[in-house]
Amino acid sequence: ALLNSQPMGFYAPAQLVQDCRKAGVEVRPVDVNRSLWDCTLEAENQILVLRLGFRMIRGIKRNVVQRIIACRDTPGTPTPYHCLQDFTHRTGLGRATVAQLTRADIFRSLALDRRDALWNALAQEKTHRSYPLFEQSPEQDDSCDALTPSSEWEHVFEDYQTQGLSLRGHPISFFRKRLNAKQVVCCHDLKTHPCDRRVSVAGLVLNRQRPGTARGITFMTLEDETGIANLIVHEGTWKRFRTIANESNALIARGRLERKDQVIH
């Protein structure tokens, strides 16, 4: 329900999904044959799992998704798509839309890697046309063995670009060795780090807030692969690093650690 009510402001979908998984709930990706517009629940051996919906894909139009679902879930006789050619033939979607969907990696259940799916999508016409003489020809996707498979980092990067989250991993985890060399600690380690000491943390910027009653202070939240860190940025610091603080999607912050009970800044 929370995911289907986005955007809500403070908590991003990535945080909600991360909390879900930490609580032991299985979360499954957007899939061309299983997802609906909204996020839904699926039963697996009498256990419910969360299936992400098409609404998670940035820029996708609802009428496009409605067409995908209508062509797939014919009343009485659901017929899953069996390849990308079959998908484009039945939905009539053009090249740009199909390419957008392949970047979101929704064709994994068709045994298509994101890069293979994009290769096949680029072979489609800009505007779909019907060819009656070839209606009975067997449909199958091109095999692209010569293409180098996407790396895990590339997959995670594309996931964040298209959906704002990834079920594969966290972007900061790929830089952990370099961050360790710079003595940048994990957000989780702030719980045991000595108080009133200088410490550096790194993460994706989840939000920036400057309440009118905060006397120029900006509150920021960073997220790495282990948790979150709350930053209190004073007005002078904000002005000094204005471009980085205001525009960066990820950053390293250094400051004095304060901890009282379970509250850490």
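About the thresholds
- Residues numbered from 1 in each chain as written.
- Predicted model: local features only at pLDDT ≥ 70, side-chain atom pairs only at ≥ 80, totals over all residues.
- Heavy atoms only, no water.
- 1 Å grid on protein atoms, 1.4 Å probe; cavity = no way out; pocket = protein on both sides within 12 Å on 5 of 7 lines; lining within 4 Å.
- Points joined across faces, edges and corners; volume = space filled by probe spheres on them.
- Helix = DSSP H or I, 4+ residues; strand = E, 2+ residues; numbered from the N terminus.
- Nonpolar A, V, L, I, M, F, W, Y, C, P; charged D, E, K, R; others polar.
- Disulfide = S-S within 2.5 Å.
- Pairing = 2+ DSSP bridges.
- Phe/Tyr/Trp six-rings, centres within 6.5 Å; stacked < 30°, edge-to-face > 60°.
- Buried < 20%, exposed > 50% of the residue type's maximum accessible area, 1.4 Å probe, protein only.
- Lys NZ or Arg CZ within 6 Å of the ring centre and 35° of its normal.
- Polar contact = N/O pair within 3.5 Å; in protein donor to acceptor, adjacent residues only side chain to side chain.
- Contact = heavy atoms within 4.5 Å.
- Salt bridge = Lys/Arg side-chain N within 4 Å of Asp/Glu carboxyl O.

Considering only enclosed or pocket space, the largest pocket measures out at about 1000 Å³ in volume. Taken together, 39 residues line the largest pocket, and the ones lying closest to its centre are Tyr160, Gly164, Leu204, Val205 and Asn249. Residue assignment for the lining of the largest pocket shows that the elements contributing at least two residues are helix H1 (13-22), helix H6 (152-163), helix H7 (176-181), strand S5 (198-209) and strand S8 (250-256). If one sorts the elements of the lining of the largest pocket by residue count, S5 sits on top with seven residues. Tallied by class, the residues present in the lining of the largest pocket amount to 23 nonpolar, nine polar and seven charged. What lines the second largest pocket is a set of 25 residues, among which Ile232, Val233, Ala253, Arg254 and Gly255 lie closest to the centre. Counting residues per element, the ones that place at least two in the lining of the second largest pocket are S5, strand S7 (227-233), helix H9 (242-247) and S8. Here the element with the most residues in the lining of the second largest pocket is S8; it accounts for six residues. Tallied by class, the residues present in the lining of the second largest pocket amount to 16 nonpolar, five polar and four charged.

Another point: the state of the cysteines. What the rule picks out here adds up to zero disulfides. The structure places no disulfide on Cys39, whose sulfur is separated from the nearest cysteine sulfur, that of Cys20, by 9.7 Å.

What follows is about the sheet that holds strand S2 (residues 40-44). What the three strands build is an open sheet, ordered S1-S3-S2; its pairing is mixed. Sheet topology places strand S1 (27-28) and S2 at the edges, where each strand pairs with a single neighbour. Both S2 and strand S3 (residues 47-51) contribute to a ladder of five bridges, which runs antiparallel. The residue of S3 that forms the bridge with Leu41 is Leu50.

We now examine the packing of aromatic side chains. Centre-to-centre distance and the angle between the planes together describe a pair of aromatic rings. Evaluated as defined, the whole model comprises five aromatic pairs. Arranged with centres 5.0 Å apart and planes meeting at 80°, the rings of Tyr81 and Phe87 form a pair that is edge-to-face. Neither residue differs from the other here; Tyr81 and Phe87 are each classed as buried. Each ring, one from Trp153 and one from Phe174, has its centre 5.5 Å from the other, and the planes form 65°; the classification is edge-to-face. Placement of the pair is Trp153 in helix H6 and Phe174 in the loop between H6 and H7, with a sequence separation of 21 residues. Assessed through its relative accessible area of 33%, Trp153 is described here as partly exposed. Phe174 gets classed as partly exposed once you look at its relative accessible area, which sits at 36%. Every member of this aromatic cluster is reached through a ring pair, and the members are Trp153, Phe157, Phe174 and Phe175. A cation over an aromatic ring shows up here: Arg210 above the ring of Trp238, its NZ or CZ 5.0 Å from the ring centre.

Before going further, it helps to examine the side chain of His155. In this fold, His155 is placed in helix H6. A distance of 2.8 Å separates polar atoms of two side chains, one belonging to His155 and the other to Arg114. Not counting residues within four places of it along the chain, the set of residues in contact with His155 comprises Asp113, Arg114, Ser150 and Arg168.

Moving on, we come to the pattern of salt bridges. Throughout the structure, instances matching the rule amount to 18 salt bridges. Here Asp38 makes a salt bridge to Arg55, at a shortest N to O gap of 2.9 Å. Note that Asp38 is positioned in the loop between S1 and S2 and Arg55 in the loop between S3 and helix H2 (62-72), a separation of 17 residues in sequence. We classify Arg55 as partly exposed; its relative accessible area is 24%.

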